[in-house]
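# What the coordinates show
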Amino acid sequence: MSHETVGSLLAVIANSLNDGLRTMMFADKRSWGSDEFEQLRLLEDTLDEAKKDFQELPALVNGRFYYENDRINESLEDLRILCTRFELHARALKDWVRSGGGPVVANDDGDGDVDLARETLALRRELHRAQCRAARRIHVAQQLVASGTGARCLGALQVYHLHQQKDGRVVSVEEERLACAQAGRFERFGERDVAFVCDFCDGFLVWDDLRAMPTTRLQQQQPQPPAPDSEVEPESATSTTPAVGLEGQDNNTSTSGGGSGSGSGSSGDTSSTPNWQAHGISMTSGEGKTIVFAPVAVANHLPPDAGEFRCRILCPYCDEYYYEEQGDDDMERVRYAQDDKGFDGVKAFQEHLEWSHTSMVPSTSSCGVM
């Protein structure tokens, strides 16, 4: 329908959520148990996260006007489907409350039982991703008008802008984790690999043969001023899958100030050597290995090409590198070292970094593993 926009469809979803909440709030709670109160909490959290996304995402695409009035077909189709699912979910909640509550309710089609709490969590996740994808499509359209191809994904920019800040402050590990968490999540990919899944472009960054994702670089520069008695919490803040997130236990945390890179390295670096390496553990052999530090890859990924699921990656250290060839015109002589398509996945990106941006690859055999 021509009058539909991202904003109007999100309003329909919000009304369905409010209907579900009203059903729960005005129900007779005298016979309620833990299942009913947990369901109420999940609905409140879903509505709060949807409001938070609606308030924060427009700032990434030049304002709320562009976001609310967007009519890109793919975004509208995603939200139409969610409108229907949230409406059915609100009806199921009414039936559930009338039947006396409990952990499980039969669905309307008679095909089996539906766990309402799990369905609420799934809808919450889908709504968050739908809003992120809508913002990403607006961003892509704006980039095509402004600069053509080669633009980083909007999810990548959440981390990239953090790395590019020019206030002389070193970015902390926790800041990088939170920025990655805003862009997507880490999860197990097959039996041996670990993947980052971007909420904005649905693309995958895959690290082959990795037990867990390390949280720090091989040489991690400390934030300034350093806290004398504070330590970084080793638990991951970037993963919805506890067994796979950024794991601090697998890394040697060096407090040396040297070796910290520019571009997607820590902000405020003084060394010219790019600092992109982290120490991981092989899933198959259990031996140490050097990998690309996750926020470096996340900060520089491109949306996957049509029909693909793996993201290509731009090298942050080659962005400004160029050389000159023979020719009459000044512009014709300039050739940039990196094209706008980047590298085909994490493995190719690491091969490039090892060849072009490493003065000396530190040995992983000397890294302590807790």
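Residues numbered from 1 in each chain as written. Predicted model: local features only at pLDDT ≥ 70, side-chain atom pairs only at ≥ 80, totals over all residues. Heavy atoms only, no water.

## Observations regarding the overall build of the protein chain
The line we're drawing: Secondary structure counts use DSSP, requiring at least four H or I residues in a row for a helix and at least two E residues in a row for a strand, with both numbered from the N terminus. With a 1.4 Å probe rolled over the protein chains alone, any residue whose accessible area is under 20% of its type maximum counts as buried; one over 50% counts as exposed, and the rest are partly exposed. In this analysis, two residues are considered to be in contact whenever any of their non-hydrogen atoms come within 4.5 Å of each other.
Across its full length, the protein chain holds 10 helices and 11 strands. Looking at the protein chain as a whole, 45% of its 370 residues qualify as buried. For the protein chain, long-range pairs separated by at least 24 residues make up 69% of all intrachain contacts whose partners lie at least 6 apart in sequence.

## Details of the pattern of salt bridges
What counts, and what does not: Salt bridge, as applied in this entry: a Lys or Arg side-chain nitrogen positioned within 4 Å of an Asp or Glu carboxyl oxygen.
Within the structure shown, the criterion is met by 23 salt bridges. R129 is paired through a salt bridge with D202; the nearest N and O atoms lie 2.5 Å apart. Separated by 73 residues along the polypeptide, R129 in helix α5 (residues 116-146) and D202 in the loop between β4 (193-198) and β5 (204-207) bring together distant segments of the chain. Residue D202 is classed as partly exposed on the basis of its relative accessible area of 27%. A salt bridge links R133 to D202; the nearest nitrogen and oxygen atoms lie 3.4 Å apart. Remark: D202 occurs in the loop between β4 and β5 and R133 occurs in helix α5; sequence separation between them is 69 residues. Take R133: its relative accessible area is 9%, and that puts it in the buried class.

## Focus on the packing of helix α2 (residues 34-56) against helix α4 (residues 73-98)
Formally: What counts as an axis is a line fitted to C-alpha atoms, over the stretch in contact for a helix, and the angles between N-to-C directions run from 0 to 180 degrees. Should an angle fall under 35 degrees it is called roughly parallel, over 145 degrees roughly antiparallel, and 65 to 115 degrees roughly perpendicular, with every other angle called oblique. Handedness of a crossing is defined here by the sense of rotation of the near helix relative to the far one, left-handed for an anticlockwise turn of less than a right angle and right-handed for a clockwise turn. Under the convention adopted here, Pro, Cys and the residues Ala, Val, Leu, Ile, Met, Phe, Trp and Tyr are nonpolar, Asp, Glu, Lys and Arg are charged, and Gly plus all remaining residues are polar.
Between α2 and α4, the shortest axis-to-axis distance is 13 Å and the interhelical angle comes to 155°. Relative to α4, the element α2 is oriented roughly antiparallel. Between α2 and α4 lies a crossing whose hand is left-handed. Contacts between α2 and α4 involve D35, E36, Q39, L43 and T46 on the former and, on the latter, F86, H89, L93 and W96. A breakdown of the residues in the contact of α2 with α4 according to their chemical character gives four nonpolar, three polar and two charged.

## Here we look at the environment of F189
In this fold, F189 is placed in strand β3 (residues 184-189). The class for F189 is partly exposed, based on a relative accessible area of 24%. Apart from residues no more than four positions distant in its own chain, F189 is found in contact with V194, A195, F204, V206, F309 and R310.

## Description of the side chain of R217
For clarity, the cut-off: Residues adjacent in sequence count toward polar contacts only when both atoms are side-chain atoms; beyond that, a polar contact is any pair of N or O atoms within 3.5 Å, and within protein one must be able to donate a hydrogen and the other to accept it.
Within the element layout of this structure, R217 appears in the loop between β6 (213-214) and β7 (246-247). Only 3.3 Å separates the side chain of R217 from the side chain of E176, close enough to count as a polar contact. A polar atom in the side chain of R217 sits 2.9 Å from the backbone oxygen of N275.

## Topic: helix α1 (residues 6-25)
What counts, and what does not: The span one expects for a helix is its residue count, reduced by one, times 1.5 Å.
For α1, which comprises 20 residues, the first-to-last C-alpha distance of 28 Å matches the rise-based estimate of 28 Å (1.5 Å per residue) to within 8%. Buried within α1 are the following residues: V6, G7, L9, L10, I13, S16, L17, G20, L21, T23 and M24.

## Quick look at the nonpolar core
Going by this rule: The nonpolar core is taken to be a set of buried Ala, Val, Leu, Ile, Met, Phe, Trp, Tyr and Cys residues, with the residues joined through side-chain atoms within 4.5 Å.
Membership of the largest hydrophobic core comes to 71 residues, with the highest contact counts inside it found for Y67, L205, W207 and V292. Excluding its chain neighbours within four sequence positions, the residues that come into contact with L205 are V194, A195, F196, A297, V298, H301, C311, I313 and V346.

## A look at the packing of aromatic side chains
How we decide: Between 30 and 60 degrees the pair is tilted, below 30 it is stacked and above 60 it is edge-to-face, where a pair is any two Phe, Tyr or Trp rings, Trp via its six-membered ring, whose centres lie within 6.5 Å. Either the NZ atom of lysine or the CZ atom of arginine qualifies as a charge over a ring when it sits within 6 Å of the ring centre and within 35 degrees of the ring normal.
One pass over the full model with this rule turns up nine aromatic pairs. Between F186 and W207, the aromatic rings sit 6.4 Å apart at their centres with planes inclined by 45°, giving tilted as the arrangement. In this pair, F186 is assigned in strand β3 and W207 in strand β5, connecting sequence segments 21 residues apart. Judged by its relative accessible area of 0%, F186 falls in the buried class. Members of the aromatic cluster, connected to one another through ring pairs, are F186, F196 and W207. We note K29 situated over the ring of W32; from NZ or CZ to the ring centre the distance is 5.2 Å. Against the face of Y160 rests R152, its NZ or CZ located 4.1 Å from the ring centre.

## Quick notes on helix α7 (residues 173-183)
Note the threshold: The reported arc concerns the directions from the helix axis to the C-beta atoms and nothing else.
Buried within α7 are the following residues: V173, E176, R177, A179, C180 and A183. Taken around the axis of α7, the buried residues stretch over an arc of 165°, which confines them to a single face.

## As for the confidence of the model for the protein chain
What counts, and what does not: Each residue carries a pLDDT score, the predictor's confidence in it, ranging from 0 to 100.
For the protein chain, per-residue confidence averages 77 on the pLDDT scale, and 69% of positions sit at 70 or higher. Looking over the protein chain, one finds the lowest element-wise mean pLDDT in strand β1 (residues 105-106), namely 44, and the highest in β5, namely 96. For the stretch residues 104-113, pLDDT sits under 50, and the model shows 12 contacts to residues farther than four places along the chain or on other chains. Here residues 229-243 is a poorly scored stretch, pLDDT under 50, and it has 33 contacts once near neighbours within four places are set aside; other chains count.

## Re the pairing of strand β9 (residues 288-292)
Inclusion rule: By this definition, two strands are paired if DSSP reports at least two bridges between them.
In this structure, strand β8 (residues 277-281) lies alongside β9, joined through five bridges in antiparallel fashion. Bridging across to β9, A278 finds its partner in I291. The loop that links β8 with its antiparallel partner β9 comprises six residues; one of these, G286, has a positive phi angle of about 80°.

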